[in-house]
Amino acid sequence: MSVRSGSVSDRTPAHLPVSLCAISGFYRMTFYWHLNRISDCVWPQGRDLKNVSILCNYIYLQKLELPYNKIKDLSCVSHMPYLITLDASHNQLTDFFGFQPPKNLKEVNFSHNQMTAMKDLSAYSSLTKLILDHNSFSVIRGLEKCKRLSHLSLAHNNISRIRGLDHLPLRELCLAGNMINKIENLQTLHNLQVLDLSCNRIQSLTGLQNLRFLGTVNLESNLITEIKEAAHLHDLILLREINLLKNPVQDHDDYRIAVIFLLQHLILLDKQTVTAEEKVAAVNKYDPPLEVVAARDHMTHLVYQLMQPQVIFDSTLPSLDAPYPMLVLTGPQACGKRELAHKLCQEFSDYFAYGACHTTRGPYFGEEDGLDYHFVTEEEFHNMIQMGQFIQTMQYGGHWYGLSRESIERVAREGLACCVHMELEGVFSLKNSYFEPRYVLLIPSVVDNYVLFLKARGFYSNAQMETAVSRIDLYARINRERPGFFDSIIPCDDRAEAYRSLKQLVKEYLGLEEHSGGDTTGELPAASATESTDLMDSYSRNYQKKIQANMTPQRTEMASNHRRLQQIREALSGKSPGAYAELFQRSVPAAPSSLASQSHPPAGPSSSPVRPAGLSAPNLSEDSSSEESRASSGLSMRSSAGVFSAESPARGSDAGSGPNIEPLDISMLGQDRDSLRGLTPDAPRPASDRVSPTHPSSPGRPGANVKPVLPPIPSGRKTNDSGSKQ
Ligand SMILES: Nc1ncnc2c1ncn2[C@@H]1O[C@H](COP(=O)(O)OP(=O)(O)OP(=O)(O)O)[C@@H](O)[C@H]1O
């Protein structure tokens with residue numbers, strides 16, 4: 001075959017070798033000989049070829065490549081029934097498929113021609129790949145019967161609407177550089193993996209949400225403005241790559257991190273790799289895990305507290321062996337925890353008092369300031385935060401809630417244990433503090449009843465109720481996934497029954513009643529018990545794991561080191577001269593616990609033998625664990641003494657040394673050294689802050705106001721509110 005002035009002539013021997021190159025000047029034409037017949041014809045580019053009619057004689061051609069010529073007529077293809085691949089790109093063709101259909105034609109490239117209208121391609125049903133870029137098509141049509149078409153490109157045409165593609169098995173679709181302003185009619189393209197809609201006028205990503213296999217989307221140079229549009233792609237779990245470059249949405253400050261948050265499976269965003277750091281930052285910013293929220297909350301209050309003149313809250317100062325006793329009732333909104341807390345404090349008024357939180361929400365009918373909450377304005381609340389007055393805060397339903405140190409101290413000064421209620425976030429935050437409360441989860445096990453109850457209350461909007469209900473799962477999940485997180489779980493479907501269980505628990509905990517011999521499960525109504533089996537089982541499991549965790553050598557060792565360090569500091573500061581002697585000689589009480597027993601139980605309501613305190617049976621074993629484990633649990637908490645120590649980032653490097661502490665100890669406490677040793681707040685405390693020892697042999701808490709607070713308290717509730725030493 002030879003080429004003469006823009007046409008192909010037939011002088012080609014029929015028995016060409018496997019690859020024949022007819023080279024004349026720059027011309028190069030390759031034929032592939034196959035089974036004694038020319039099967040492929042690849043014409044060199046840019047040769048201004050116009051007439052290819054001679055190819056009619058090459059009926060066995062399977063591959064025909066004629067790009068970059070000036071061909072206007074391809075009717076010769078009608079004589080190539082075996083043709084599989086045709087590349088006639090960059091020519092001057094105006095006729096769309098202007099030839100009889102080769103039965104097996106699979107791949108066609110007509111890009112960069114002058115075609116204006118698509119026609120019915122029913123006869124080309126073998127087509128798998130069709131490239132029609134840079135023509136002048138304005139409507140997509142005629143492809144309905146192309147049931148094998150997996151790759152279609154119509155870039156840079158005049159298409160303004162996406163249509164005519166229904167149910168095609170397309171895996172790749174390119175409609176870049178058109179005039180499309182809406183993503184539509186793609187929902188039946190179930191196989192679509194790669195979509196290019198760049199350089200259009202698209203404003204919204206709606207219309208992509210059903211393309212389950214979509215892995216790559218190019219939307220560069222469109223008109224997407226809102227970050228939230230990315231949410232339409234949220235459920236496309238195979239989406240790995242998206243390009244939103246040159247869209248107005250890029251102007252948002254948090255654009256990248258927000259998109260990464262919404263599309264967490266992404267590997268490439270705007271042609272840049274999405275790093276693990278970016279993913280973590282995105283989650284921490286928009287949906288921080290509970291621990292992160294709690295850590296931030298705790299850090300905020302700690303820092304603000306450090307910025308204030310230091311105060312020693314002697315009533316609840318962290319102790320080595322017996323942390324200040326506190327009971328936290330937690331559970332979803334309106335699960336009854338507040339009501340139960342009040343009831344408990346009323347009935348056990350010699351032991352517990354209600355710790356009222358602060359809130360910025362207005363009082364409901366019947367609520368009293370100072371009794372249910374301290375109702376404050378948003379401004380007051382934020383002032384309190386900045387004054388370092390809170391231990392934890394959280395926002396719920398658009399309002400702030402916070403537990404102030406003073407609320408707890410007020411109760412503690414009376415010699416009582418503080419009983420509070422709060423949501424899960426509060427619990428997470430409180431767990432970062434030096435307090436070591438017992439946490440009782442009150443959880444609805446029959447959701448319908450809970451919903452009825454919420455409705456009956458009449459306070460809540462549908463959205464609020466939905467939130468409350470959805471949080472049941474959150475509580476259940478935390479309980480399942482975090483062994484030991486809650487000390488006890490009580491189903492609260494039946495309030496009276498729940499109170500009975502709580503009461504029983506507290507009695508055992510206070511040593512007022514023989515332990516029932518089992519966990520709370522035994523106390524539950526049959527129906528609830530079955531429904532909450534999961535919770536109860538996991539509680540038992542939790543408990544074991546918690547004990548084990550406390551007993552691990554690392555923790556025990558750390559606790560021991562901490563304890564010695566603290567003793568040394570206190571000895572140096574003069575707070576506890578006998579620290580070393582005490583450390584080695586002191587006999588640790590049999591069962592110190594968060595609601596610790598006194599070493600000398602008094603007569604009265606609690607004259608029964610003092611039993612190891614705990615909220616439920618398994619807790620008994622916790623509290624009777626080894627001294628080291630007790631020390632561990634006592635010292636693993638963050639000590640408020642740390643406020644004055646080198647651990648505090650806000651202080652100088654020598655801040656932790658003993659001598660630096662001394663002035664603070666004395667002046668801040670406003671009492672002499674004796675009062676720091678072996679004194680109890682149970683004795684009446686006059687306004688002058690006089691304290692009197694009642695348990696000189698108590699192991700006490702070095703540096704703290706040693707008070708075997710609970711249980712039991714023989715003289716009952718203290719009437720003399722002496723105030724904390726500040
Ligand atoms: N300091 C706090 N930290 C975290 N959560 C808190 C705090 N104080 C209160 N909460 C919780 O915030 C939620 C909303 O409290 P609020 O009193 O407004 O609701 P409620 O409808 O009266 O529900 P409830 O009867 O449970 O108190 C409740 O679950 C409550 O326990």
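In the annotation of an unreviewed UniProt entry, the chain is listed under the name Leucine-rich repeat and guanylate kinase domain-containing protein and assigned to Danio rerio. Looking at the chain in UniProt, the text filed under Subunit (unreviewed entry) is "Interacts (via guanylate kinase-like domain) with RIMBP3 (via coiled-coil region). Interacts (via guanylate kinase-like domain) with HOOK2. Interacts (via LRRCT domain) with KLC3. Interacts with HOOK1 and HOOK3." Reading the Function (unreviewed entry) entry of the UniProt record for the chain gives the comment "Involved in multiple aspects of sperm assembly including acrosome attachment, shaping of the sperm head and in the early aspects of axoneme development. Not essential for primary cilium biogenesis."

A. Focus on the environment of arginine 256. Within the fold, arginine 256 resides in helix H1 (residues 255–262). Separated by 29 residues in sequence, arginine 256 and isoleucine 227 place their C-alpha atoms 9.1 Å apart.

B. Representation of the sheet that holds strand S21 (residues 390–396) within the structure. One open sheet holds the four strands; their spatial order is S20-S19-S22-S21, and the pairing between them is mixed. Where the open sheet ends on each side, the last strands, each with one partner, are strand S20 (373–375) and S21. Ignoring strand direction, the axes of neighbouring strands in this sheet form an average angle of 25°.

C. Geometry of the pattern of salt bridges. Tallying each qualifying case throughout the model produces 20 salt bridges. In this structure, glutamate 220 and lysine 271 form a salt bridge, with 3.7 Å as the shortest nitrogen-oxygen distance. One end of the pair, glutamate 220, is in the loop between strand S13 (216–218) and strand S14 (241–243); the other, lysine 271, is in the loop between strand S15 (268–269) and strand S16 (272–273), and 51 residues separate them in sequence. A relative accessible area of 60% means that lysine 271 is categorised as exposed. Ionic pairing is found between glutamate 406 and arginine 410, a salt bridge with its closest N-O pair at 4.0 Å. Separated by four residues within a single helix, glutamate 406 and arginine 410 lie in helix H6 (residues 405–413), roughly one turn from each other. Residue class for arginine 410 comes out partly exposed when judged on its relative accessible area of 35%.

D. Focus on the site of the ligand. Around the ligand lies a shell of 19 residues, among which Arg361, Tyr373, Tyr401, Glu423 and Tyr460 are the nearest. The side chain of histidine 421 places a nitrogen or oxygen atom 2.8 Å from an oxygen atom of the ligand. Taking tyrosine 460, its side chain carries an N or O atom lying 2.3 Å from an oxygen atom of the ligand. For the ligand, the protein covers 99% of the area, taking 580 Å² as the surface of the free molecule. Elements represented by at least two residues in the shell around the ligand include exactly helix H4 (337–347), S21, strand S22 (399–404) and strand S23 (417–422). Looking at side-chain class alone, the shell around the ligand contains 10 nonpolar, four polar and five charged residues.

E. Representation of the nonpolar core in the model. Of all hydrophobic cores here, the largest spans 78 residues; its most connected members are Leu74, Phe97, Phe110, Leu143 and Leu165. With six residues, H1 is the single largest residue contributor to this core. Here this core gathers at least three residues from each of two domains, domain 1 (1–97) and domain 2 (116–287). Those residues in contact with leucine 74 that sit more than four places away from it in its chain are Val52, Leu66, Leu86, Ala88, Leu93, Gly98, Phe99 and Phe110.

Conventions we followed
Residues numbered from 1 in each chain as written. Predicted model: local features only at pLDDT ≥ 70, side-chain atom pairs only at ≥ 80, totals over all residues. Heavy atoms only, no water. UniProt positions renumbered as here; feature names shortened; annotations may be inferred. Helix = DSSP H or I, 4+ residues; strand = E, 2+ residues; numbered from the N terminus. Pairing = 2+ DSSP bridges. Axes fitted to C-alpha atoms, helices over the stretch in contact; angles between N-to-C directions. Salt bridge = Lys/Arg side-chain N within 4 Å of Asp/Glu carboxyl O. Buried < 20%, exposed > 50% of the residue type's maximum accessible area, 1.4 Å probe, protein only. Near = heavy atom within 4 Å. Polar contact = N/O pair within 3.5 Å; in protein donor to acceptor, adjacent residues only side chain to side chain. Areas by Shrake-Rupley, 256 points an atom, 1.4 Å probe, with all protein chains shown as cover. Nonpolar A, V, L, I, M, F, W, Y, C, P; charged D, E, K, R; others polar. Core = buried A, V, L, I, M, F, W, Y, C linked by side-chain atoms within 4.5 Å. Domains from an automatic or database assignment. Contact = heavy atoms within 4.5 Å.

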